Amino acid sequence: VATACKSPHPSPPPHLSRPPSPPTSSSLKKLYIGALFPMSGGWPGGQACMPSAQMALDLVNNRSDILPDYELELIHYDSMCDPGEATKLLYDLLYTEPLKIVLMPGCSGVSTLVAEAARMWNLIVLSYGSSSPALSNRQRFPTFFRTHPSATLHNPTRVQLFQKWKWTRIATIQQTTEVFTSTLDDLEERVKEAGIEISVRQSFLTDPAVAVKNLKRQDARIIVGLFYETEARKVFCEVFKEKLYGKKYVWFLIGWYADNWFKIKDPAINCTVENMTEAVEGHVTTEIVMLNPETVRGVSNMTSQEFIAALMSRLGGMNPEETGGFQEAPLAFDAVWALALALNKTVAPLKGRGRRLEDFNYNNHDITSEIYRALNTSSFEGVSGQVVFDAQGSRMAMTLIEQLQGGSYKKIGYYDSSQKNLSWFGNDVWIGAGPPADRTVVIEEYRFLSQKLFAAVSVFAGLGILLGILCLTFNIYNGNVRYIQNSQPYLNNMTAVGCMMALAAVFPLGIDGHHVHRSQFPVVCQFRLWLLGLGFSLAYGSMFTKIWWVHTLFTKKEEKKEKKKQHLEPWKLYATVGVLLAIDFLSLVIWQIVDPLHITEGWTLTFPSTSPQMRHITNPDLVLPAGVVYGYKGLLLLLGIFLAYETKSVSTEKINDHRAVGMAIYNVAVLCLITAPVTMILSSQQDASFAFASLAIVFSAYITLVVLFVPKMRRLITRGEWQSEQQDTLKTGSSTNNNDEEKSRQLERENRELQKIIQEKEERVSALRNQLAERQALRNRHRPSIGQNQNHNAPPPSSQTDPKSLLPPPGYPTTDNHSLPPSFSNSSSLYPADSKMSRNHCHNSQIPLLYK
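A brief look at the structure comes next. Just so you know, these numbers come straight off a predicted model, no measurement behind them. (Residues numbered from 1 in each chain as written. Predicted model: local features only at pLDDT ≥ 70, side-chain atom pairs only at ≥ 80, totals over all residues. Heavy atoms only, no water.)

Another aspect to go through is the state of the cysteines. If you walk through the whole model with that rule in mind, you get two disulfides. Between C81 and C107 runs a disulfide, and the two sulfur atoms are separated by 2.1 Å. With C81 in the loop between β2 (70-78) and α2 (83-94) and C107 in the loop between β3 (100-105) and α3 (108-118), the pair connects residues that are 26 residues apart, well separated along the chain. You can call C107 buried: its relative accessible area is 2%. With its sulfur 2.0 Å from that of its partner, C237 forms a disulfide with C271. Because the sign of the S-S torsion sets the handedness, a value of about 80 degrees for the bond joining C237 and C271 places this disulfide among the right-handed ones. (Disulfide = S-S within 2.5 Å. Helix = DSSP H or I, 4+ residues; strand = E, 2+ residues; numbered from the N terminus. Buried < 20%, exposed > 50% of the residue type's maximum accessible area, 1.4 Å probe, protein only.)

Printed below as a string of C-alpha cells:
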C-alpha cells in the first residue's frame, strides 16, 4: 500500500512561487502524447493517475525553462486494462491525426501489447503503472520505459524478510497472468540462491478455492500471494473458510491495493466484512516507494506532501482509499516530467543536425533514437523519489514494508535492494509470541518409560516367577503320585519353566536410558528377545504338544478303540517340544547373525508443537523377520485353538489334564493375537506399548500356571490321594514307580467291583427263571380246555418249553460258581465256556460294559 494513502493532505504552502509566464499559445508548437489510461475495468488506475498526469502537463507547459517553444497535450482513451480493447484504441491513435510522439499505457497487459508493436512505428513507450517483469526484456520491447519499478523488485525484499525471520520453507499462490508468473519465476531463482525452499506452488485462474485447500493440506505456513485486488478478496474469503490464518500463518501480499480493499463489498464472495478483516489480520505487504517520504523539493518545485494536497484538490475531495490508482499517481506525475525533460534534452542535439521535434513522423528513426538516449540517461528528483532507469528501462526504487495491524497498515521498514540495506523500525506485531515457524516445530527430547509403571509390572512379574517356582516344586515333589503321573509331569515342568522365562523378559522389556548406557542397549534387547522367544516355545510348545497328541490318538472314530489300546510313549511328546524349541532357537540364531538389532533414533510428531524422540532398538529390515515370526507364531496359536476345540469332549487317563491345557491355550492365544497388533500401533507411545506387552505376558503366565497346577493341588489336598497311594505302596511292598504293579492293583480293584455286580445280576436272573417256570406249568394245566376252542389247523403247543427262549440276553456272562434252576439243569451247553467270568477269568472287552 502506497505511502501516499497514509500521508497527510496539507494545503499548498503560501510560499510556492509561480513559474514564469509562458509564451502565447499561438507561437507554441504542440507535441501530442497518446495516453491509454484505464479509467474502468479490472484496474481503474486512471481515476487518480489521469488528473495527476494532467497536473504535471500544466506545470510543464507553464515552465519557460522546459520546452519553451512547445506545448504538450494528452490525447486520452480508456483502455479498461483490456488488451483487446487496447488493440483497437492503438489503431485509432496511430491512424488518426495528429501524430503522437510518445505512447503512455497504464497496466501491464496493455503495455505489453503497445510496447511490442510501437517499435514498428518508431515510437517511445513510457508507462507509469506496469510492473510485469516480462517488460524488462530489451529484445522484445526495445523502446519501453516505466516509472513503476518491476514487480521483481519486491523479491529481494521478500528474501531479506525470510532470512530476517529465519524461514527456510515457503509456499506461493498466484493468479495465472504473465506478470505474476514471471514474478514468481524470479522469486524462485532468488530463494534458491538463498537456500530457501518453495514447498508448495499453487495457481488459479478465477476460482482460488481448490488452491487454498491444497495449501492447507500440504501444511503451508509462510505464503506469498500474487494476484490483483479483486482476486485477493476471493482468496481471503476461502482463507477464512479453511482457517488458513492466525498465529501459525503469515501472508505476503502486493502493497498497491487500496487500504480498505478487504472491506469493499464484492458480490463475487460470500464472506462478511468481519470475516475478511479477521482473515487478513497480520499480513505483510511489500510495495515500491511511490511517494518520497522526505520533504524534498524536486524538479517540479513541489514536495511530496504538496503534491498530495494539490491532487486531492483536483479530485474534488474524493476518498483516496476508494480512488483507483491513487497510490500510482506520483508515478504518473513523474512519468510526464521524465518525458518533458527528455524531450527538452533532445532539442539542442536535433537542432545541431538541422532537425526539430515537430518534424517527427513514424518513419523517422533519428528523432526516436535521440529521445531514447535522453530517457535512458534521465536522473532527477521527483515526488516519488529519485527517478533513474536501469538498462532494461525499469525504475530503480526503494521498497516499503508494511503490516496490517488492527485493521490498518503500519510501516515496519524500508529496503534498498541496490545498497542491500534494511531499515527496520521494530514495530512488527504478531498474534503469537513472535514470528511463526515455517513448519511444524520439532523439539528433540528423549522419552523414558514411566518408572511407576515399570515398578508395578515388575512386582507382578516377580510374583509370577515365585508362583512358577512353587508350581514346579509341587510337580516335582509329587511326581510319584499316579494322578500327577497321568498328566505328563515333565511337560508341565516345561510349561512352568517357560512361563518363568517369559515373565523374566518383562524386566529387560522396560529397561531404557534410565537404567543402562546407550552401548548396552543391543545386549538388553537381544536378551529380551531370547527370553521371550524361548519362553514362549517351552510354555506354549509343551501345551500344544499335549493337545496335539490327544487329537492324534482319540479323534478318529474308526480307529478309536485301537488307539485306546496303544500306549503313549513319552519320548514322542518330548520330541515334539524339542522340534518347536529348535525352530525358535535356529530362527533367533540366524536373525542375530544375519541382521542383528541395533540402535536408531526415531521420532514421531506430537502436537501442538513438540515431537519427543524415543530411543529404541530396530533395524532397517525389521519388517521381514518380524513378519515371519509373527506369522509362524500366529498360525501356531490358531492351530492350538482348533485342536483344543476338537478335543474338548475327549476323555482319557493318559493325559488327564488336556481340558485344562485347552483352556490355557484359549487364553494365551486370545491375549497374544490382540496384543501383537496393538503394540505395533502404539509403538510411538512407550508407556502404552510397554503396558500392553508386559501385562499380556504376565496375564498369560498367571492364567497358564493357575489353570494347570491349582486344580491338581486342590485335588491332592482335598482327597488325600498321595496318602492312599503311599499306603498301597506299603501293603504291596512294591515301588509306586512300577507301572505293571500299578496296573495289577487297578485290575484287582475293578475285579472286586465287577464280582459284586455279577452276583447281583445272577440273583436277578435266577428269580426271573423261577417265574418263567411257574408260568409254563400253569399254561400246561389249561391246555386241554384251550385246545378245544382253537382252530383245528393250529399246531399243538410243545409240551416242553424251548430252552432257547429262556436264554439270557446276548453277551450276558454266566459263571459256574452258581447253580442253575432245575428247569435249566440240562441246558448248560447254551453258555460257552469262554463266556463265563470268574475272579481269575474275566474278558477285558466286557469290563467297561459291565462297569457301566
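Tallied over the entire structure, the rule returns 29 aromatic pairs. For the pair F240 and Y245, a centre-to-centre distance of 5.9 Å together with 10 degrees between the ring planes defines the contact as stacked. Comparing F240 with Y245 shows no difference in burial state: the two are buried. Put simply, the rings of F180, Y228, F236, W251, W256, Y257, W261 and F262 pair up and form one aromatic cluster. The cationic tip of R138 hangs over the ring face of F145; the distance from NZ or CZ to the ring centre is 5.0 Å. Lying across the ring of F240, K243 places its NZ or CZ 4.4 Å from the centre. (Phe/Tyr/Trp six-rings, centres within 6.5 Å; stacked < 30°, edge-to-face > 60°. Lys NZ or Arg CZ within 6 Å of the ring centre and 35° of its normal.)

Let's shift gears to the side chain of D584. Looking at where D584 falls in the secondary structure, it is placed in helix α18 (residues 570-594). Overall, D584 belongs to the buried group, its relative accessible area being 5%. The contact partners of D584, leaving out residues within four places of it in the chain, are G533, S537, Y632 and K633. (Contact = heavy atoms within 4.5 Å.)

Geometrically, the link from E97 to P98 is a cis peptide bond, its omega value of -5 degrees lying close to zero. Inspection of the secondary structure puts P98 in the loop between α2 and β3. One non-glycine residue with positive phi stands out, namely K166, at about 60 degrees. Within the secondary structure, K166 sits in the loop between α4 (154-164) and β6 (169-175).

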